[in-house]
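Structure at a glance
Given next are the chains, with one letter for each unit.
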Amino acid sequence: MQADAGRVGLEDVDITRLGMAAMRFIKAIEQGQHEVLWDAASKAFRQSMPRDAFIDSLTHRHGVLGCGTGRRWTAIRVDRPEGRVQWLPGTYARLEFSVSFGATEAPHREVVTLRHEEPGVWRLAGYGVKAA
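Computed from a prediction, not measured in an experiment: that's the story for all the values here.

Quick notes on the rules
Each residue is numbered by its place in its chain's sequence as written, counting from 1. It should be noted that, the model being predicted, local features are given only for residues of pLDDT at least 70 and side-chain atom pairs only at 80 or more, the latter also being counted only at that level, while totals for whole chains, interfaces and linings use all residues. The basis for every side-chain value is the complete set of non-hydrogen atoms in the structure, without hydrogens or water. In this description, a nonpolar core means a group of buried Ala, Val, Leu, Ile, Met, Phe, Trp, Tyr and Cys residues linked to one another through side-chain atoms lying within 4.5 Å. Partly exposed describes any residue whose relative accessible area lies between the buried limit of under 20% and the exposed limit of over 50%, with all areas from a 1.4 Å probe on protein chains only and scaled to the type maximum. Numbered from the N terminus, helices here are DSSP runs of H or I no shorter than four residues, and strands are runs of E no shorter than two. The span expected for a helix works out to 1.5 Å for each residue beyond the first. Here, residues are in contact when the closest pair of their heavy atoms is within 4.5 Å. In short, DSSP must find at least two bridges between two strands for them to pair. Axis lines are fitted to C-alpha atoms, over the contacting stretch for helices. Their N-to-C directions set the angle, which ranges from 0 to 180 degrees. Per-residue confidence from the prediction method is given by pLDDT, with values spanning 0 to 100.

1. Focus: the nonpolar core
The biggest cluster of nonpolar side chains holds 28 residues, and the ones touching the most others in it are Leu18, Leu37, Phe54, Val112, Leu114 and Leu124. Among the elements of the structure, α1 (15–30), α2 (34–40), α4 (51–65), β2 (92–101), β3 (106–116) and β4 (122–131) are those that each provide at least two residues to this core. Here this core gets seven residues from one element, more than from any other, and that element is α1.

Structure below.
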């Protein structure tokens, strides 16, 4: 099997820095810095979703949920999803967090997806929250 020179593997990733980057994105979301996030997002992501839809989605989601508490990093996956129409070719990191939202502190799963673009730069490529 021939090695892919452009491939970024888990051994090439500073996991701690990747986790801190995901947390910075989450904090920016909770602080309402949605325009800044849009500007810093992956080109692939910006092409897949209109700016206003992204901002409205985050504003609505966190208007309903509020800020998270007790957030814990639970999983990371770094891979090159091939054959998925919704993803442009490249290396992606999917970071999952366990978090509670709202007055009831209902448990949720929060997922931040980052895409490796320029050498050493991981950009926001997706964000989602689901009840656990």
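The discussion continues.
2. So, α4
Under the 1.5 Å per step criterion, the end-to-end length of α4 is 21 Å for 15 residues, consistent within 8% with the ideal 21 Å. Elements that come into contact with the buried residues of α4 comprise α1, α2, α3 (43–48), β2, β3 and β4. Looking one or two places after α4, you find Gly66, whose phi comes out positive at around 80 degrees.

3. Here we look at the sheet that holds β2
Each strand in a sheet pairs with its neighbour through backbone hydrogen bonds, running either in the same direction (parallel) or in the opposite one (antiparallel). If you walk across this open sheet you meet the four strands as β1-β2-β3-β4, and the pairing is antiparallel. Single-partner strands in this sheet number two, and they are β1 (69–79) and β4. Strand after strand, the sheet turns through a mean of 20 degrees between neighbouring axes, direction not considered. Direction of pairing for β1 relative to β2: antiparallel, over a ladder of eight bridges.

4. Structural notes on the confidence of the model for the chain
When pLDDT is averaged along the chain, the result is 84; 86% of the residues meet or exceed 70. Per-element mean pLDDT across the chain ranges from 85 in α3 up to 93 in β2. Note that residues 1–5 has pLDDT below 50 and, in this model, one contact with residues that lie over four places away or in other chains.

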